[in-house]
Amino acid sequence: MTKRARTVTVTWPEANARRIARQALSDASLSATSSAERGPAEAAGAMLGAHAQVLSAAELSVALRLPGAVRTDVRAALWRDRTLVKTFGPRGTVHLLPAAELPLWTGALSALPTGAGPFGGDVRMTPGQTEEVLAAVADALTGADLTIDELSDAVIARTGPWAGDPVMPAFQGMWPRWRQVMHLAGHRGVLSYGPDRGRKATYTNPGTTPLPGPEALAALVGRYLRAYGPATPAHFAKWLATAGGWANRLFAELAATGAIEEVTYEGEPAWVASGDTGFSAPPARGVRLLPYFDAFTIASQPRERLFPGPASERALARGQAGNYPVLLVDGTVAGVWHQRRSGRRIAVTVEPLAPLTAVTLKEVAAQAERVAEVLEGTAELTVGPVTVGPHA
């Protein structure tokens with residue numbers, strides 16, 4: 001990678017404070033957020049997508065970053081206003097992404113290197129079969145909202161019986177062969193989620209034309225560094241679940257064009273978007289309750305600084321962030337929490353990793369009330385052990 005003189009030195013507290021401020025996770029940044037200028041799509045864009053495998057967690061992630069917002073505001077943006085899109089995003093997992101940014105996302109994600117994949121030769125499709133399935137998905141979903149069974153029938157009818165071979169291990173049986181490329185269909189911009197039909201999800205073709213790969217990747221790196229920089233190519237590769245060597249080459253190319261610049265971060269070389277070297281946000285203060293797989297906890301690096309000491313043991317699952325909702329105190333993970341709904345009652349249990357001061361406990365109670373407000377219920381707070389396991 002091209003070497004440059006590193007004239008800017010950034011500490012963890014400085015980087016963490018800026019990340020928190022840019023995602024409206026501090027009291028000051030949240031109070032400065034105008035609902036007239038910033039809605040669910042802008043909030044999702046600032047965090048680089050809201051993880052939505054569990055849609056209620058994504059609704060909470062987005063709404064907590066907007067003053068007074070509730071889950072129905074996020075749902076309206078998704079299904080009524082269509083300013084948000086539910087589709088396959090980073091790491092091949094379901095995310096809420098801004099509709100206006102879908103060309104960027106699909107251009108970048110479809111340009112990521114692809115390996116052999118996790119499936120054996122008796123399951124894996126050939127490149128030709130993959131393209132045939134993607135074309136069939138695009139055609140079947142154009143102008144339609146189909147359930148997974150309806151889409152499966154349509155794909156098999158357009159390709160052949162081989163696409164329907166039940167060879168993919170699933171939760172309670174075997175899925176047809178073609179489903180191994182559903183996330184690729186999302187990355188190509190030919191598949192996204194449609195409104196639920198009763199209890200069943202539907203899929204549609206959003207009609208997106210992806211940006212050219214190099215342009216989209218450059219833009220995504222810039223967006224990533226503004227949200228989570230300073231960062232290294234290894235951090236970026238981990239966030240996308242892609243190859244580290246490829247990320248090294250990409251950063252080298254962008255450095256050569258002047259799109260990114262090198263700084264010293266915690267004593268090591270790292271990168272920021274060109275010219276984005278200001279780290280003047282006030283120190284991170286206050287309390288937040290962040291849900292499962294909140295983007296901030298997933299992308300912030302180095303992870304051992306965000307999850308210090310006991311937090312790494314209690315709030316991570318084999319080193320993976322997101323499996324537990326976390327208590328954030330002054331910018332670092334200081335516990336875990338869980339919520340259970342019964343009618344309008346939202347039972348919130350917070351397990352701190354160290355005794356809380358009276359002031360902090362009061363803030364925890366306020367945050368529990370805010371969580372319940374987003375979920376359109378009434379909070380009942382318990383401070384004590386969280387007995388459920390990860391991702392429960």
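Preceding this paragraph is the structure being described.
Residues numbered from 1 in each chain as written. Predicted model: local features only at pLDDT ≥ 70, side-chain atom pairs only at ≥ 80, totals over all residues. Heavy atoms only, no water.

1. Concerning the overall build of the protein chain
Within the protein chain one finds 16 helices and 16 strands. Here the C-alpha atoms of the protein chain give a radius of gyration of 21 Å, agreeing with the 21 Å that 2.2 N^0.38 yields for 392 residues. For the protein chain, the spread of C-alpha atoms along the principal axes amounts to about 65 × 60 × 40 Å. The buried share of the protein chain, taken over its 392 residues, is 53%. (Helix = DSSP H or I, 4+ residues; strand = E, 2+ residues; numbered from the N terminus. Rg over C-alpha atoms; globule rule 2.2 N^0.38 Å. Buried < 20%, exposed > 50% of the residue type's maximum accessible area, 1.4 Å probe, protein only.)

2. Observations concerning unusual backbone geometry
Most peptide bonds are trans, and most residues other than glycine sit at a negative phi. Cis geometry marks the peptide bond from Gly-229 to Pro-230; its omega dihedral reads -5°. Considering the arrangement of structural elements, one finds Pro-230 in the loop between α10 (213-228) and α11 (233-240). Cis geometry marks the peptide bond from Gln-301 to Pro-302, where omega comes out at 0°. For Ala-24, which is not a glycine, the phi torsion comes out positive at approximately 55°. As for its position among the elements, Ala-24 is in the loop between α1 (12-22) and α2 (27-31). We classify Ala-24 as buried; its relative accessible area is 3%. Positioned with a positive phi, Leu-48 is a non-glycine residue whose angle comes to about 65°. Its relative accessible area of 2% is what places Leu-48 among the buried residues.

3. Side note on the sheet that holds strand β11 (residues 268-273)
Spatial ordering of the open sheet is given by β1-β10-β11, a layout of three strands whose pairing is mixed. In this open sheet, the two edge strands, each paired with only one partner strand, are β1 (9-10) and β11. Sitting on the sheet, α10 is in contact with β10 (260-265) and β11, with an inclination near 115° to β11. (Pairing = 2+ DSSP bridges. Contact = heavy atoms within 4.5 Å. Axes fitted to C-alpha atoms, helices over the stretch in contact; angles between N-to-C directions.)

4. Side note on α1
All of the buried residues along α1 are Trp-12, Ala-15, Asn-16, Ala-17, Arg-18, Arg-19 and Ile-20. Among the residues trailing α1, Ala-24 stands out with phi positive, at a value near 55°.

5. A closer look at the packing of helix α7 (residues 127-141) against helix α8 (residues 148-158)
Direction vectors running N to C along α7 and α8 enclose 125°, while the axes themselves pass 9 Å from each other. One finds that α7 runs oblique with respect to α8. Judged by the sense of rotation from one axis to the other, the crossing of α7 with α8 is right-handed. Contact with α7, carried on its side by Glu-132, Val-133, Ala-136, Val-137, Asp-139, Ala-140 and Leu-141, involves Leu-151, Ala-154, Val-155 and Arg-158 of α8 and no other residues of that element. Residue classes in the contact of α7 with α8 are distributed as eight nonpolar, no polar and three charged. (Parallel < 35°, antiparallel > 145°, perpendicular 65-115°, else oblique. Left-handed = near helix turned anticlockwise from the far one by under 90°. Nonpolar A, V, L, I, M, F, W, Y, C, P; charged D, E, K, R; others polar.)

6. Points about the environment of Leu-327
Looking at the element boundaries, Leu-327 is found in strand β13 (residues 326-329). We classify Leu-327 as buried; its relative accessible area is 0%. C-alpha separation for the pair Leu-327 and Arg-288, spaced 39 residues apart in sequence, amounts to 6.0 Å. Apart from residues lying up to four places away in sequence, Leu-327 is in contact with Val-287, Arg-288, Leu-289, Thr-332, Val-333, Ala-334, Gly-335, Val-336, Trp-337, Val-350, Pro-352 and Val-364.

7. Concerning empty space enclosed by the protein
Taken as a whole and judged by the stated rule, the model has three cavities of 30 Å³ or more. Empty space within the largest cavity amounts to approximately 60 Å³. Every residue lining the largest cavity is listed: Ile-20, Leu-25, Ala-284, Arg-285, Gly-286, Val-287, Arg-288, Leu-328, Asp-330 and Gly-331. Its residues placed into classes, the lining of the largest cavity shows five nonpolar, two polar and three charged. Forming the walls of the second largest cavity are Met-47, Leu-48, Gly-49, His-51, Pro-90, Arg-91, His-95, Trp-239, Phe-293, Ala-295 and Ile-298. (1 Å grid on protein atoms, 1.4 Å probe; cavity = no way out; pocket = protein on both sides within 12 Å on 5 of 7 lines; lining within 4 Å. Points joined across faces, edges and corners; volume = space filled by probe spheres on them.)

8. Side note on the packing of aromatic side chains
By the definition in use, this model includes eight aromatic pairs. Geometrically, the ring pair formed by Phe-236 and Trp-239 is tilted, given 5.9 Å between the ring centres and 40° between the ring planes. Taken together, the residues Phe-236 and Trp-239, both in helix α11 and three residues apart, mark about one turn of the helix. Take Phe-236 and Trp-239: they sit in the same class, and that class is buried. Among the aromatic residues, those joined into a ring-pair cluster are Trp-105, Tyr-224, Tyr-228, Phe-236, Trp-239 and Phe-251. (Phe/Tyr/Trp six-rings, centres within 6.5 Å; stacked < 30°, edge-to-face > 60°.)

9. Overview of the pattern of salt bridges
For the coordinates displayed, the defined rule picks out 15 salt bridges. Here Arg-18 and Asp-276 are joined by a salt bridge, their closest N and O atoms 3.2 Å apart. With Arg-18 in helix α1 and Asp-276 in the loop between β11 and β12 (287-290), this pair connects stretches of sequence that are 258 residues apart. The burial state of Arg-18 is the same as that of Asp-276; both residues are buried. For Arg-158, the salt bridge is made with Asp-139, and the minimal N-O distance between the two is 2.6 Å. Taken together, the residues Arg-158 in helix α8 and Asp-139 in helix α7 connect sequence positions 19 residues apart. A residue is classified by how much of its surface remains accessible, and Arg-158, at 41% relative accessible area, is partly exposed. (Salt bridge = Lys/Arg side-chain N within 4 Å of Asp/Glu carboxyl O.)

10. Quick look at the nonpolar core
Across soluble globular proteins, nonpolar side chains show a tendency to be buried alongside one another. The biggest cluster of nonpolar side chains holds 90 residues, and the ones touching the most others in it are Val-137, Leu-151, Trp-178, Leu-191, Leu-225, Phe-236 and Trp-239. Looking at which element gives the most residues to this core, the answer is α10, with eight residues. Once residues within four sequence positions are removed from consideration, Phe-236 is found in contact with Val-221, Tyr-224, Trp-246, Ala-247, Leu-250 and Phe-251. Formed by 30 residues, the second largest nonpolar core is a distinct cluster that contains Val-263, Ala-284, Leu-306 and Ala-315. (Core = buried A, V, L, I, M, F, W, Y, C linked by side-chain atoms within 4.5 Å.)

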